[in-house]
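# Geometric and topological summary
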Amino acid sequence: MITFIIRRLLVSVLLLLLVSLITFAIFFLIPRLAGQTSYSLAAQYVGRNPIPSQIRAIEIKLGLNEPIWVQYGRFVKGIVFGYTYSSGPSRTYCPPPCLGYSWRSQQPVWPQLTSNIPVTLSLAAGAAVIWLVSGVAIGVVSALKRGTIFDRLSMGTALMGVSLPIFFTGQIALLLFSFKWQIFNVQYVGITQNPLLWAKALVLPWITLAFLYSALYARLTRSGMLETMNEDYIRTARAKGLPERTVIIKHGLRAALTPILTIFGLDLGLLVGGAVLTEYTFSLHGLGLFTIQAIGNSDLPEIMGVVLLAAFFIVIANLIVDVLYAVVDPRVRH
Amino acid sequence: MIRSKITGLAALGATAALTLAACGGSGGSSGSNSSSTSTSYGQGLTSIINPSNTPSSGTLTFDLSNTPDSTDYQNTYYAFMWNFVRLYSMQLLTYKSCPGACGEQLVPQLATGPGVPSNNDTVWTYHIKPNVKFENGHTVTSADVKYGVERTFAKSVLPNGPSYYQVLLKDNKYPGPYTDRAKNVMGLTSVTTPNATTIQFHLSQPFADFDYVVAIPQSTPVEPAWDTGKYGGANFQLHPESTGPYEFQSYTLNKQITLVKNPNWNASTDTEAKQLVNKIVVNLNVNANTVDNNLMSNYADIDMAGTGVQTAARSKILTQPSLKGLADDPISGFLRFAYINTKVIPNVHCREAIEYAANKTSIQDAWGGPVVGGDIASTVIPPTVIGYQKFDLFNALSQPGGDIAAAKQQLKLCGKPSGFTTGLAYRTDRPQEVAAAQALQASLQQVGIKANLQGYLSGKYYTDFAGAPAYVHAHDLGISQGGWGPDWPDGYGFLDELSNGNTIVPAGNTNISEINDKSINSLFATAAGQNNTAARTAIWPQIDKKIMGMAAILPEVYQKVLLYRNPNVTNVYFDRPFGMYNYAVLGLK
């Protein structure tokens, strides 16, 4: 088992390196191949009507005039060993994993990213609990009560949940519960500062996000359960005289949950990397909102940082799923 | 000044928000709207709403849908930041705090009076008030103002602000105070400080508008000792040294700014700002639709961007009298227009054909209509800018649907009676600009001018595409959509970067029409040496008429914005120089 985990970890590191290389190439190399010069790139990071010396100064400060491989080498070196930046009168050390220096805010990227992680984690974890519990429960009941009004209603609602975009359901939730009835004012407060306010601020985003995912999970669970409950071994279990509850939970649900677990791992990994639309709609300062801002500002180091962090979370989530798989099914280890 | 942009994602929520607008009812149960006021629509344009000097123990809350370029007054070029920094800084001169045209007057703030020019207007002298204090209690001296100016030269560390001092002062090679600090702190020789209360600026050539330059936040004093260590250089933005009514308590980058009262600020030395609340909080990166709803639900007091409410809130405000009475729709001082490139379309008659054929009404509709899009423009200088003179060379006002007959006549004179083909550049991530470009394309088509739409992302529009003359020529971009707001509200501030021949640069060019006309350049030179304000003001409409005579700019609309004022806020009025409410004087009921 340990060998399996080590092997997976090494592959994960290689994968992250590859992601960094591809991301760097997309944002730094391709524009150059398309004819963009380091001077015109630098011109984006100065104010209106810059004089040429102003642009040159920024070109040199950001190292844009250096070869691409030197820039990439510096980036990777920063991740491993940290980097020292000049902030004018003094020099600032950015400890590893230093993911670069923002060209807009002129601050290291890593502390900005880490300050956003608690918000995204809070959002993703709370929503995940809601959607997993509600989605699976609704899916199971729907499968067992196939064709009934409950099944039709729940699957209809699930279809709505999958179809309606978050910026729509989120706006409705905000308009009704925050602005019209003023029950939830979404002003995020850290969990350590005030757990009650933290939860109150996140109720609407959790439910909005969970509405989408629980709908998806309900449909997946339902179809999985329907398929499983028709298997021969279920018939055998019933024939053995096992109680129906044991048949459903131990034999039916357990088998149906395996693909759900895989998808859950991936979904959670993606969300921790930034629930972009939810964070944008509810003005939550998480990694998703940070990503939008980085893209809007064309702040390449920030974009690089957030892509790598998101990739890291996805890789870790996959790793956990793989390990869980290995626990459930020993054949996977080989 | 750069007007704040609404990000593309704002549009994403617009559809949902529009659909929901009707669900919003009468504005909800918020205290703000239920406490109906007697103010009327547009009242904030000419008078102060809720005038008060009574301090409040409350917190004034600003919401902002994006982030500042910097909170460092020497490193910002955003219009709303030039307004906001007055809460924690003082400049040599500033704009008088009063509504209407009165607000365009420059008045002394840190200085005792306006600049005194000498030596053929190349030396400008200011005297500083003796008892102005920094937040740490130290007295402000002329050397601190000089150091603030020196910081603006450190472009590798503070790249965002304007470059007026580099362009105007004699020693423009000065590297800024951060390299070789022992030598360069106080090393800017073209700014001298004969004593602790006198400062002199030595210009390389006369510049009569220099008082406006020292009213820009870049002339804020800074102690060299503050600009080191934790808050030095690029980190100065985390806690800019205050001379204004408030000081920084905290700044969490991209999230929130908190200001508290500056105990060392003295109202008697700073009559243009007020200290009326205990705390000011700025929430950053708030969804643009949420900002509007927060304002109307009393969760926030001011929309800091000052660019007006979004579509959903707009329809709600304009259809509900109780809300409409709390709104203003000023001409912001910003012009929406199209550059007509004089190199790509060298024949003036071809350019005039474009001017005549453009359907100004459909273009106005594209920008949002007459109420919130803007008034149809016929001049380059907007009505709220000093030097505006109304004229209508191409019948934009008399025939807003386009003068097709005149356009065809011009095409004949141009030698292309059946029309011609050219490129039309615009920014794809600005929905209204896209619509305006399409409207212009459709109207030009009527006379046979085929304008091929070429869309670009706004981030690189000026650096790589429309603002790069080589690219413009190579891709036959005869027309480019644009917008402009002045750095200061007179003709120079508005026209120079658009039409002075010496402003044409290979990248980041804002004179996209490539106007390099001897008579225009000469008028700018004359104005720069003209100390008589009336005589100088008379030059701006002359330049305006020459630009229009060249048909190098197609004015579209004088932009209007719909601003909503929370009725709980005091001393609210539209401030012309900034194109939004005056943030320096606000209080709470």
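Throughout this description, residue numbers start from 1 for each chain and increase along the sequence as written. Starting at A for chains and at 1 for ligands, labels are handed out in the order in which the entities are written. It should be noted that, the model being predicted, local features are given only for residues of pLDDT at least 70 and side-chain atom pairs only at 80 or more, the latter also being counted only at that level, while totals for whole chains, interfaces and linings use all residues. Based on all heavy atoms of the structure, the side-chain values leave hydrogens and waters out of the count.

### Digging into the overall build of chain B
- Helix and strand labels come from DSSP, where a helix needs a run of H or I of at least four residues and a strand needs a run of E of at least two; each type is numbered from the N terminus. For chain B, the count of helices and strands is 20 helices and 23 strands.
- In summary, chain B has a C-alpha radius of gyration of 24 Å against a globular reference of 25 Å for 589 residues, a match within 12%.
- On the principal axes, the C-alpha backbone points of chain B span a range of 75 × 65 × 40 Å.
- The rule is simple: take the accessible area with a 1.4 Å probe, protein chains only, and divide by the maximum for that residue type; under 20% is buried, over 50% is exposed, in between is partly exposed. Counting across all 589 residues of chain B, residues that qualify as buried make up 65%.
- Whether two residues are in contact is decided by their heavy atoms: any pair within 4.5 Å suffices. Excluding contacts between residues fewer than 6 apart, the proportion of contacts in chain B whose partners are at least 24 apart in sequence is 72%.
- Per element, the accessible surface of chain B, about 18500 Å² overall, is 53% carbon and sulfur. Atoms considered for the radius of gyration are the C-alpha atoms alone. The globule rule reads 2.2 Å times the number of residues to the power 0.38. The Shrake-Rupley method, run with a 1.4 Å probe sphere, supplies the accessible areas, and residue values consider only the shown protein chains as cover.

### Here we look at the side chain of Ser122 of chain A
Residues and elements named next belong to chain A.
- Position of Ser122 among the secondary structure elements: in helix H5 (residues 109-144).
- Note on Ser122: relative accessible area 12%, which makes it buried.
- Side-chain atoms alone can form a polar contact between residues adjacent in sequence; in general such a contact is a pair of N or O atoms within 3.5 Å, and within protein one must be able to donate a hydrogen while the other accepts it. Among the polar contacts made by the side chain of Ser122, one reaches the side chain of Tyr188 at a distance of 3.4 Å.
- When near neighbours in sequence (up to four residues on either side) are disregarded, Ser122 contacts Tyr188, Trp198, Leu202 and Trp206.

### A short note on the pattern of salt bridges
- Salt bridges are defined by distance alone: a side-chain nitrogen of Lys or Arg within 4 Å of a carboxyl oxygen of Asp or Glu. This model, assessed by the stated rule, comprises 14 salt bridges over all chains.
- Between Arg56 of chain A and Glu59 of chain A there is a salt bridge, and its shortest N-O distance comes to 2.8 Å. With Arg56 of chain A and Glu59 of chain A both in helix H3 (residues 52-61) and three residues apart, the pair spans about one turn of that helix.
- Residue Arg56 of chain A is classed as partly exposed on the basis of its relative accessible area, which comes to 43%.
- Of the charged contacts in the structure, one is a salt bridge between Glu433 of chain B and Arg427 of chain B, with a shortest N-O distance of 2.9 Å.

### Overview of the interface of chain A and chain B
- Listed per partner, the contact involves 49 residues of chain A and 68 residues of chain B.
- As used here, buried area is the combined drop in accessible area, with a 1.4 Å probe, of two parts when they are placed together. Carbon and sulfur atoms supply 54% of the area buried between chain A and chain B, which totals about 4800 Å² over both sides.
- When the buried surface of chain A facing chain B is broken down by residue, Arg48, Phe179 and Tyr280 of chain A rank first, second and third, together holding 16% of it.
- On the surface where chain A and chain B come into contact, there are zero salt bridges.
- Put simply, chain A and chain B have 15 residue pairs in polar contact (both at pLDDT 80 or more) between them.
- Per element, the largest residue contribution to the side of chain A that touches chain B is nine residues, and it comes from helix H7 (residues 166-180) of chain A.

### Topic: the sheet that holds strand E6 (residues 191-195) of chain B
Residue and element names in this part refer to chain B.
- Taken together, the four strands give an open sheet; going across it, the order is E4-E5-E7-E6, and neighbouring strands pair in antiparallel fashion. Of all strands in the sheet, those bounded by a partner on one side alone are strand E4 (116-118) and E6. Strand after strand, the sheet turns through a mean of 25° between neighbouring axes, direction not considered.
- One bridge is not enough; two strands pair if DSSP finds at least two bridges between them. In this structure, strand E5 (residues 123-127) lies alongside strand E7 (residues 198-202), joined through five bridges in antiparallel fashion. Following the sheet pairing, Val123 is matched in E7 by His202.
- Helix H4 (residues 142-151) contacts E6 and E7 of the sheet and is inclined by roughly 175° relative to E6. Here the axes come from fitting lines to C-alpha atoms, over the contacting stretch only for helices, and the angles between their N-to-C directions go from 0 to 180 degrees.

### A word on the domain arrangement of chain B
Residue and element names in this part refer to chain B.
- Start and end positions for the domains come from either an automated domain assignment or a database one. Domain boundaries assigned for chain B yield domain 1 (2-301 + 564-588) and domain 2 (331-560).
- Its C-alpha centre places domain 1 at a distance of 30 Å from the equivalent point of domain 2.
- The interface is formed by 23 residues belonging to domain 1 together with 22 residues belonging to domain 2.
- Here domain 1 meets domain 2 over a buried area of about 1900 Å², counting both sides, of which 54% is carbon and sulfur.
- A per-residue breakdown of the area domain 1 buries against domain 2 is headed by Ala208, Asp209 and Tyr212, which together make up 25% of the total.
- Applying the counting rule to domain 1 against domain 2 returns one salt bridge.

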